[in-house]
Amino acid sequence: DAGVTQSPTHLIKTRGQQVTLRCSPKSGHDTVSWYQQALGQGPQFIFQYYEEEERQRGNFPDRFSGHQFPNYSSELNVNALLLGDSALYLCASSSAPGQEFYEQYFGPGTRLTVT
Amino acid sequence: GESVGLHLPTLSVQEGDNSIINCAYSNSASDYFIWYKQESGKGPQFIIDIRSNMDKRQGQRVTVLLNKTVKHLSLQIAATQPGDSAVYFCAETYSGGYQKVTFGTGTKLQVIP
């Protein structure tokens, strides 16, 4: 049973460009959350997708957007990249919100470097 | 692999000793707390969780203590092993509805063989 997978592993972009990161949730999970982790810091919640809709959002600008597909996989899009967007982007999957037991499984992340 | 432990507080313990990692959480409305372990180059891994109606929960070699009065969590690792070396994060959330998980500042655990 595959866990959470993310692609690509590493990515280098130039300021002003746009990037798309991809995530496939763990089998049986239907909720995907995205996090940004700067070096030496804890992950910061970006947003969560359930039933193909954004359900919760953290303190991130509209340059950060996402999508969830019918197969529960998800994409994170970042427009007009800034140097400060350089970070490890983590995807986490879980079962439907509101379940009695809540456990997120994290993928290995995508390391984005903006130059 | 890349380090996630730069600029984080570090706890160094001798192999075989017990480790205690502390965390302060911020939101009084949070009712569900999780400890994660993150090894270099990997995503966070679930260790143990606790709900706000509990003060203590034990797992295999790990114990989490919750003090709601002072909004404090601790993770105790018994008989610390070299494989326990990692960055540890506490996280808080509200279990109802759509969960937004807020991570605390991590602690880097270094186990001295």
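Residue numbers run consecutively from 1 along every chain, following the written order of its sequence. To label them, take the chains in the order written and letter them from A, then take the ligands in the order written and number them from 1. Totals for whole chains, interfaces and linings use all residues, but because this is a predicted model, local features are given only for residues with pLDDT of at least 70 and pairs of side-chain atoms are given and counted only at 80 or more. Only hydrogens and water are set aside; all other atoms, that is, all heavy atoms of the structure, feed into the side-chain values.

A. Fine view of the packing of aromatic side chains. In this analysis, rings of Phe, Tyr and Trp, with Trp reduced to its six-membered ring, are considered paired at centre separations within 6.5 Å, and the interplanar angle assigns stacked below 30 degrees, edge-to-face beyond 60, and tilted for intermediate values. Under the defined criterion, the tally for this structure stands at 10 aromatic pairs over all chains. Between Tyr35 of chain A and Phe45 of chain A, the aromatic rings sit 5.7 Å apart at their centres with planes inclined by 75°, giving edge-to-face as the arrangement. On the criterion of sequence distance, the pair formed by Tyr35 of chain A in strand 4 (residues 31-37) and Phe45 of chain A in strand 5 (residues 44-50) is long-range, its members being 10 residues apart. Neither Tyr35 of chain A nor Phe45 of chain A differs from the other in exposure class; each is buried. On the basis of an interplanar angle of 50° and a centroid distance of 4.4 Å, the ring pair of Tyr25 of chain B and Phe33 of chain B is categorised as tilted. Strands are runs of DSSP state E lasting at least two residues, helices are runs of H or I lasting at least four, and both sets are numbered from the N terminus onward. Residue burial is assigned from relative accessible area. The probe radius is 1.4 Å, only protein chains are included, and a residue is buried under 20% of its type maximum, exposed over 50%, and partly exposed in between.

B. Expanded view of the pairing of strand 6 (residues 53-57) of chain A. All names here are of chain A. By this definition, two strands are paired if DSSP reports at least two bridges between them. Where strand 5 meets strand 6, four bridges bridge the pair, whose relative direction is antiparallel. Residue pairing across strands places Phe47 opposite Arg57, the latter belonging to strand 6. Taking the residues between adjacent antiparallel strands as the criterion, strand 5 and strand 6 are bridged by two residues, where Glu51 takes a positive phi near 50°.

C. Just the state of the cysteines, in detail. By disulfide we mean two sulfur atoms from cysteines, separated by a distance within 2.5 Å. Per the counting criterion, the structure on display carries two disulfides over all chains. In this model Cys23 of chain A forms its disulfide with Cys91 of chain A; the gap between the sulfur atoms is 1.8 Å. Its S-S torsion of about -60° marks the bond between Cys23 of chain A and Cys91 of chain A as left-handed, since a negative value means left-handed. Here Cys91 of chain A lies in strand 9 (residues 87-94) and Cys23 of chain A lies in strand 3 (residues 19-24), a separation of 68 residues in the sequence. Between the sulfur of Cys23 of chain B and that of Cys90 of chain B lies a disulfide, 1.6 Å long from S to S. Residue Cys23 of chain B is located in strand 2 (residues 19-24), and its partner Cys90 of chain B is located in strand 8 (residues 86-93); the two are separated by 67 residues in the primary sequence. Residue Cys23 of chain B is classed as buried on the basis of its relative accessible area of 7%.

D. Just the confidence of the model for chain B, in detail. The predictor's confidence in any single residue is recorded as pLDDT, a number from 0 to 100. The predicted model of chain B has a mean per-residue pLDDT of 89, with 90% of residues at 70 or higher. The contact criterion used is simple: two residues touch if any of their non-hydrogen atoms lie within 4.5 Å. pLDDT under 50 marks residues 1-5 of chain B. Its contacts with residues more than four places away, or in other chains, come to 12 contacts.

E. Structural detail: the nonpolar core. Each nonpolar core is a collection of buried residues, namely Ala, Val, Leu, Ile, Met, Phe, Trp, Tyr and Cys, held together in the definition by side-chain atoms within 4.5 Å. Grouped together as the largest cluster of nonpolar side chains are 20 residues, with contacts concentrated most on Trp34, Ile46, Phe64, Leu76 and Tyr89 of chain A. Among the elements of the structure, strand 3, strand 4, strand 5, strand 8 (74-78), strand 9 and strand 11 (110-114) of chain A are those that each provide at least two residues to this core.

F. Representation of the sheet that holds strand 7 (residues 64-68) of chain A. All names here are of chain A. If you trace the four strands from one edge of the open sheet to the other, you get 1-3-8-7, paired in antiparallel fashion. Two strands bound the open sheet, and with one partner strand each, they are strand 1 (5-7) and strand 7. Between one strand axis and the next, the sheet turns by 20° as a mean value, whatever way the strands run. Pairing analysis gives five bridges linking strand 7 to strand 8, with the strands arranged antiparallel. Following the sheet pairing, Ser65 is matched in strand 8 by Asn77. Helix axes are fitted only over the stretch in contact, all axes being lines through C-alpha atoms; the angle between N-to-C directions runs from 0 to 180 degrees.

G. Unusual backbone geometry, seen in detail. Residues and elements named next belong to chain A. Cis peptide bonds are those with omega within 30 degrees of zero, and the linkage from Ser7 to Pro8 qualifies with -10°. Structurally, the position occupied by Pro8 is in the loop between strand 1 and strand 2 (10-13). Although it is not a glycine, Glu52 adopts a positive phi angle of roughly 65°. By the element assignment, Glu52 lies in the loop between strand 5 and strand 6. Even without being a glycine, Tyr72 presents a positive backbone phi close to 80°. Its location among the elements puts Tyr72 in the loop between strand 7 and strand 8.

H. Structural context of the environment of Arg55 of chain A. Residue and element names in this part refer to chain A. Within the secondary structure, Arg55 is located in strand 6. Using a relative accessible area of 24% as the deciding quantity, one classes Arg55 as partly exposed. In this structure the C-alpha to C-alpha distance between Arg55 and Leu112, which are 57 residues apart in sequence, comes to 25 Å. Contacts described as polar in this section are N or O atom pairs within 3.5 Å, which, within protein, must combine one atom able to donate a hydrogen with one able to accept it, while residues neighboring in sequence count only if both atoms come from side chains. At a separation of 3.2 Å, a polar atom in the side chain of Arg55 contacts the side chain of Glu51.

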